[in-house]
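# Breakdown of the fold
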Amino acid sequence: QIRKGVRNLTDRGGGGVLQPDDKCTKTDRPVIEVLEEKHPEMQMPDLTDRTTTCFEEYEEVPAVLPLQVVSEDVEKLSNKLSGSAGPSSQDAAHLTDMLTRHGKASYELREEISAWAEWMGNTFPPYAAYRALLTRRLVALDKQPGVRPVGIGEALYRMIAKLVLTKARPDTKAACGSTQLCAGLEAGIEGALHSVRTEARADGSLNFEDDGAARDDERDAAQELEAQARDRPGARDSTADAEDESGDGPLSSIEDLNTFLQIDGDNGFNRLSRIASMWTVRHRCPKLFIFYFNCYRHQTRLLVRRPGLAPYVLLSKEGVTQGCPLAMDIYGIALLPMVELLREAEPDLLQPWYADDGSGYGKLVRQRNVYKRLEQIGPDFGYFPAGAKCWLTVPKRMEEEVKQYLADNGLPWQVTQGKRYVGGFIGSEDALSEWIEPKVEDWTFAIERLANAAVRYPQTAYTGLTRSLQCEWQYICRVVEGAERYLEPLEKAIREEFLPALLGVDKAEIDDDLRNLIAHSVKNGGLAIPNPVEAAPLLYKSSVEASSVLVEALRSGGSLNQKAHRECVRQASKSAKTARLATEKASLEEMKGRASRRDKKRLERIQETGAFLTVRPSRRDGTELERDEFRDAVLLRMGLVPKNLPKTCDGCGATFTVEHALTCKTGGLVVMRHDDCRDEFGDIASKATTPSRVTTEPLIHYGGNEPVTRQANGASNTSNNNNSSTRGGEERGDLAIHGFVQRSKTAILDFVITDTDAPSYGHQPSKKVLEKAAKRKKDKYLEACRERRRDFIPMAYSVDGLAGKEARAAEKRLASLLASKWDRPYSEMACFVKTRMSLSIVRSISMLLRGSRSSAWKRRAPDDGVAARASVTSQRW
């Protein structure tokens, strides 16, 4: 949903959805006709023909292992479910709500869905029992030009399919290995790109960096000198020898030129041989076969809606439906025999495949042989190569010769010096510039649009940038070496447009130190908005390291060691994260070394006060922050002063500063902050135990340690005369939670929120200030609580959310109770409690800075209805 919202906001949602009676942007035909053409009749392979390559032979039929799906699997997937509504108009958000928000009813629904997954994944139920579940809503997406049919299934079906796929995913990865990279293999796409570039560098014959305009001029000059040298007597033989040794001279044959070919299939998913794919899936991935068979054993109905009219009904008779959760895995497994035959035909040709996007790097003659072989065997598997959509990347100096060679061999490929490949790029520097610069312009425009939104909705814009938009260029940085050369406009837009709008400050206030701090992760005091120019080399390095095992398997043509590959990805990710955190910590320490006393204290606690930045804004979940709430908290975190504050306090008349606002008790705002923090912890505690075990303002003691004398009528004597044994007044804690620490005891919690930067605390570290505040509470209440067999816990927090030692321990204890009651991981509940408390305190910052402390009521309202009527109807002459 975040990605969808960002793309809509930044006008990058593509061509949109075409209505069935609209015209196709490529053929100018009605869209419904194009959709019908893209769903062909089923093709039955001719098994009597010995040249048929599908229905390959296997030594044995493997046993089918049953799927085991439990309600916990449904619950884990529910928050990851996304997408629009199918024919029944129930979208993923609605189903997620039903699965997670309604207590026992949600639990029973999760149990039922897990039973359906096992029923459809382990048995062969009657098709009529679930036919309606498989009906899909077919939409035509505008490819600009062209039409892409996407079948949107029921949210319930997508949930069941993903459950089955989750259980079968290890088997699909093992089956596809490095032969097909579309089955969810970690760093699979990145490995394909790095393998091609590594192979090109290894042989040196396809030097992508040697095709710029300047190099062309140099090459022309060199060739002119060589021609003059050949004309001299006795120089021909030595010149030819030099050309052969250098590798830069004329090739003995154009067929020996190393090139990179991208192959695309015509209407790939919808033309896949359904019969042949079931045979292959049965033998290669039996765990997934039964569910796949149940879903595609009959023709699937596709409904094409028309506004105000009955929908068109199409039938999916062949292939797998684009949009089905199974599509990628099934397609990858189904084409495994075909890809293996192609590799056997030319074992020296590097051939990474991703679904229907094939590719090859090697000599041109081998590219031709593989393509001819593909034209022969591809239709047996339902793969029809589209020659007009195939691209051959060659050096610019050889372009004309290659085009002539293709024409002579009847190859309808297009020739280029560089082309987009699985989200990255393979080609020359000039071609890379032509490809990446428009993308950078689009990203820059998107940042500017997010900056406009950040003026009013800073938390939402911040989430959109960190969780969606910046992930787009970070992927490019991982797969394109040297991408940082093109990303300077992004950094400029972030620094001069987005950050000032997010923080509500002038761009001149974003100095180098502040930008460096913002680039840090939240854990190290930043906002997790890294400088794309500085981060690009590290991202590329980590990607190369993560895919090294896969790259070696692709280059050698051997099988992929799945365990070694997973370990390589894990270690690369771990080492990259460790290096990044170490760099950030060193930078933070350097900032502390030259900071003022006040800034040094802020930087000391900044690593523990950013939990509110890690949550996704949701009004329903209570994690949404208003504009001033989010902005004020971030500004104080970064050491900046919030804008548009009054000059004087409306409560006490003193000069209004941030320090004064956070401590001024006039008007009761400090008490409201205290009560909000107490109520938040109490609400979570009532969920961890029971509401009846949690009470507010519990009695700690009344007077001193001596009993209160009672009068004859039972009332307590609270007078201060000599006959009374009462000393002092009534004292109360903030919360009482029975069974919080020990099962049979009640714990008294008393909250205190302290401004650790107050001048009176001098050079004392923030944690030391909280320790002293907690000690004062203990000195006052601990002994009285012990005498009454109660535990006492001082809950000390700083004004920006730093928890004291006892408060942090209490949060951990609360998280432990929640984890035990709800059967959740402790780490998950610890994050939940910490985040909720952080949000509670952050909200109070804006209230103290901008709330009204004036309690005087200047106008007197009427006391009753008669006076009210008289005040609006009386007229004086």
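Residues numbered from 1 in each chain as written. Predicted model: local features only at pLDDT ≥ 70, side-chain atom pairs only at ≥ 80, totals over all residues. Heavy atoms only, no water.

Here the focus is the sheet that holds strand β9 (residues 391–393). The strand order across the open sheet built from five strands is β7-β8-β4-β9-β10, with neighbouring strands paired in mixed fashion. On the outer flanks of this sheet lie β7 (353–354) and β10 (414–416), each paired with one strand and no other. As defined by bridge partners, β9 adjoins β10 across three bridges and the pair is classed as parallel. Pairing of threonine 393 across the sheet is with threonine 416, part of β10. Seen against the sheet, helix α17 (residues 399–408) touches β9 and β10 and runs at an angle of roughly 165° to β10. (Pairing = 2+ DSSP bridges. Helix = DSSP H or I, 4+ residues; strand = E, 2+ residues; numbered from the N terminus. Contact = heavy atoms within 4.5 Å. Axes fitted to C-alpha atoms, helices over the stretch in contact; angles between N-to-C directions.)

Where helix α19 (residues 458–479) contacts helix α26 (residues 627–637), the two axes come as close as 8 Å, and the packing angle between them is 65°. In this structure, α19 uses Pro458, Gln459 and Tyr462 to contact α26, whose residues at the interface are Arg627, Phe630 and Arg631. Residue composition of the contact of α19 with α26, by class: three nonpolar, one polar and two charged. (Nonpolar A, V, L, I, M, F, W, Y, C, P; charged D, E, K, R; others polar.)

Here we come to the state of the cysteines. Where two cysteines share a covalent bond between their sulfur atoms, that bond is called a disulfide. Under the defined criterion, the tally for this structure stands at zero disulfides. The thiol of cysteine 324 is unpaired, and the distance to the nearest cysteine sulfur, on cysteine 295, comes to 6.4 Å. On the basis of relative accessibility, which here comes to 6%, the residue cysteine 324 falls in the buried class. You can see cysteine 652 has no disulfide; the closest cysteine sulfur is in cysteine 649, sitting 3.7 Å from it. The class for cysteine 652 is partly exposed, based on a relative accessible area of 43%. (Disulfide = S-S within 2.5 Å. Buried < 20%, exposed > 50% of the residue type's maximum accessible area, 1.4 Å probe, protein only.)

What follows concerns the packing of helix α1 (residues 2–9) against α19. Following both chains from N to C, one finds α1 and α19 inclined at 80°, their axes separated by 9 Å at the closest point. As far as their axial angle goes, α19 and α1 are roughly perpendicular. From α1, Ile2, Arg3, Val6 and Arg7 reach across to α19, where they touch Thr463, Gly464, Arg467, Ser468, Leu469 and Glu472. Looking at the contact of α1 with α19 residue by residue, the classes come out as three nonpolar, three polar and four charged. (Parallel < 35°, antiparallel > 145°, perpendicular 65-115°, else oblique.)

Here we have four strands laid out as an open sheet, ordered β13-β16-β17-β18, and mixed in their pairing. Of all strands in the sheet, those bounded by a partner on one side alone are β13 (694–696) and β18 (790–798). Neighbour to neighbour, the strand axes of the sheet diverge by 25° on average, direction disregarded. Here strand β16 (residues 735–738) runs beside strand β17 (residues 746–754); their pairing, made up of four bridges, is antiparallel. Paired with leucine 735 across the two strands is leucine 749, which belongs to β17. Across the face of the sheet, helix α29 (residues 766–787) comes into contact with β17 and β18 while running at roughly 160° to β18.

Turning next to the pairing of strand β5 (residues 300–306). Across a regular strand the side chains alternate sides, sitting on one face of the sheet and then on the other. Here strand β2 (residues 136–142) runs beside β5; their pairing, made up of two bridges, is parallel. Looking across to β5, one finds that arginine 136 is bridged to leucine 302. Hairpin connection of β5 to strand β6 (residues 309–316): two residues between the antiparallel strands, including glycine 308 at a positive phi of 75°.

A word on the pattern of salt bridges. This structure, assessed with the given rule, holds 51 salt bridges. Of the charged contacts, one joins glutamate 340 and arginine 284 as a salt bridge, the two residues approaching to 3.0 Å between their closest N and O atoms. With a gap of 56 residues between them, glutamate 340 in helix α15 (residues 336–345) and arginine 284 in helix α12 (residues 274–284) connect regions that are remote in the sequence. Residue glutamate 340 is classed as partly exposed on the basis of its relative accessible area, which comes to 29%. Classification of arginine 284 by relative accessible area gives partly exposed; the value is 22%. Among the charged side chains, a salt-bridge network with shared partners connects Arg627, Asp628, Asp632 and Arg850. (Salt bridge = Lys/Arg side-chain N within 4 Å of Asp/Glu carboxyl O.)

A separate point is the nonpolar core. Judged by nonpolar contacts, the single largest core of 80 residues is most densely connected at Tyr157, Met159, Phe291, Met338, Val402 and Trp413. Looking at this core element by element, the count peaks at 11 residues for helix α7 (residues 155–176). The residues touching methionine 159, leaving out its near neighbours within four places in the chain, are Val74, Leu77, Ser78, Leu81, Leu95, Leu99 and Ile113. In terms of nonpolar packing, the next biggest core, distinct from the first, is built from 75 residues, Leu350, Phe425, Leu502 and Leu554 among them. (Core = buried A, V, L, I, M, F, W, Y, C linked by side-chain atoms within 4.5 Å.)

Residues at a pLDDT of 70 or more form 89% of the protein chain, whose mean pLDDT is 87. Note on residues 232–252: pLDDT is under 50 here. Beyond four places in sequence and across chains, it has 11 contacts. In the predicted structure, residues 704–728 sits below a pLDDT of 50 and forms 26 contacts with residues beyond four places in sequence or in another chain. (pLDDT = per-residue confidence, 0-100.)

Glancing now at helix α8 (residues 188–203). With 16 residues, α8 should cover 22 Å at 1.5 Å per step; its first-to-last C-alpha distance of 23 Å lies within 8% of that length. Within the sequence span of α8, burial applies to Gly188, Glu190, Gly191, Ala192, Leu193, His194, Ser195, Val196, Arg197, Glu199 and Ala200. (Expected span 1.5 Å × (residues − 1).)

All right, on to a positive patch on the surface then. A contiguous patch of positive charge, built from Lys523, Lys577, Lys585 and Lys834, is present on the exposed surface. Inspection of the secondary structure assignment puts lysine 834 in helix α31 (residues 826–850). (Patch = residues over 30% accessible without salt bridge, like charges linked within 9 Å, V, L, I, M, F, W, Y side chains within 5 Å. Areas by Shrake-Rupley, 256 points an atom, 1.4 Å probe, with all protein chains shown as cover. Lys, Arg positive; Asp, Glu negative; His and termini not counted. Charge placed at Lys NZ, Arg CZ, Asp CG, Glu CD.)

Take unusual backbone geometry next. Going from glutamine 144 to proline 145, the amide bond is cis rather than trans, its omega being 5°. Considering the arrangement of structural elements, one finds proline 145 in the loop between β2 and β3 (147–153). In this model, aspartate 28 sits at a positive phi of 65°, which is unusual for a non-glycine residue. Relative to the helices and strands, aspartate 28 resides in the loop between β1 (17–18) and α2 (31–37). Phi angles above zero are rare outside glycine, and alanine 187 is one such case at about 55°. Relative to the helices and strands, alanine 187 is located in the loop between α7 and α8.

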